[in-house]
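Fold and contact review
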Amino acid sequence: ASESLSEKLLTLKQQQLNQLKKERGLKDFKFFFEDVLEYTEKLDWDAHGDLITDLQEIKKQLEEGKGSEKLLLEPRGFGKTTVFTISGITWLLTNFPNLRILLTNSKLANCEKMLDEIKRNFLKQSFKDLYGDFEGTVWRVGEIRVKPCTRSGKEQSVVVGSPTTSLGSQHFDVIFADDLVDSEN
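A brief structural summary. Counting restarts for each chain, with residues numbered from 1 along the sequence as it is written. Side-chain atom pairs in this predicted model are given and counted only at pLDDT of 80 or more, local residue features only at pLDDT of at least 70, and totals for whole chains, interfaces and linings cover all residues. Excluded from the side-chain calculations are hydrogens and water; all other atoms, namely the structure's heavy atoms, are used.

1. A closer look at the nonpolar core
Of all hydrophobic cores here, the largest spans 40 residues; its most connected members are Leu103 and Phe122. Each helix is a run of H or I in the DSSP string that is no shorter than four residues. Each strand is a run of E no shorter than two, and both are numbered from the N terminus. Those elements that place two or more of their residues in this core are helix H2 (29-36), helix H3 (45-63), helix H4 (80-95), strand S1 (101-104), helix H5 (108-123), helix H6 (125-131), strand S4 (158-161) and strand S5 (174-177). Per-element accounting of this core gives the leading share, 7 residues, to H4. Whether two residues are in contact is decided by their heavy atoms, any of which lying within 4.5 Å being enough. Dropping the residues within four chain positions of it, Leu103 is found in contact with Thr85, Ile89, Cys111, Met114, Leu115, Ile118, Val158, Val159, Val160, Gly161 and Phe176. Among buried residues, those of type Ala, Val, Leu, Ile, Met, Phe, Trp, Tyr and Cys that are joined through side-chain atoms within 4.5 Å constitute a nonpolar core. Relative accessibility decides the category of a residue: with a 1.4 Å probe and only protein chains considered, values under 20% of the type maximum give buried, values over 50% give exposed, and everything between is partly exposed.

Now the structure itself:
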């Protein structure tokens, strides 16, 4: 049996809504975090406004081909890792799949856990419904290459490291250094 006119209209409206969500998610980090990645924590402008603004500024600088350096100093439990690092990397790679990102922390195991959550973000159905499949051929504990990446070269989309990791001869567009200093170093 063929689809009725009302079913076709409903399908068309859903496709249009998904296109609007896709476009908004690429532009609006807060929307991406809450509505695409579906984190239960809601971002508050008073508490998280600086993190959101910083990510949107990094995106703008990447669009313009400019570099920058940022240092974020926020208290424990503020959301730096989940909001800025994990979700920020997911958002930037969604916008710029050819980026080369180094994710570093004082402990390599912490980086691997962060990368695991980044991978899980790309595998969420809410993400895939809007942006498609990002799971590339390199999808390991310490590095990933997102499927839409068309750049040649040895660097993956995200590589993890720590102060004790040798990363010679690798080149990165963005470095996320998350909690590099701890009681041991």
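2. Quick look at H5
To estimate how far a helix should reach, multiply one less than its number of residues by 1.5 Å. The terminal C-alpha atoms of H5 lie 23 Å apart, and with 16 residues this matches the ideal 22 Å at 1.5 Å per residue to within 8%. For H5, the set of buried residues is Cys111, Met114, Leu115, Glu117, Ile118, Lys119, Asn121 and Phe122. Buried-residue contacts for H5 involve H4, S1, H6, strand S2 (138-139), strand S3 (143-145) and S4.

3. Observations concerning the pairing of S5
Burial of the side chains of S5 is restricted to one face: Val174 and Phe176 are buried, whereas none of Ile175 and Ala177 on the reverse face is. Relative to S5, S1 is paired through 4 bridges, and the arrangement is parallel. In the strand pairing of S5, Leu102 is matched with Ile175. If DSSP finds at least two bridges between two strands, the strands pair.

Honestly, it's all geometry; don't read function into it.
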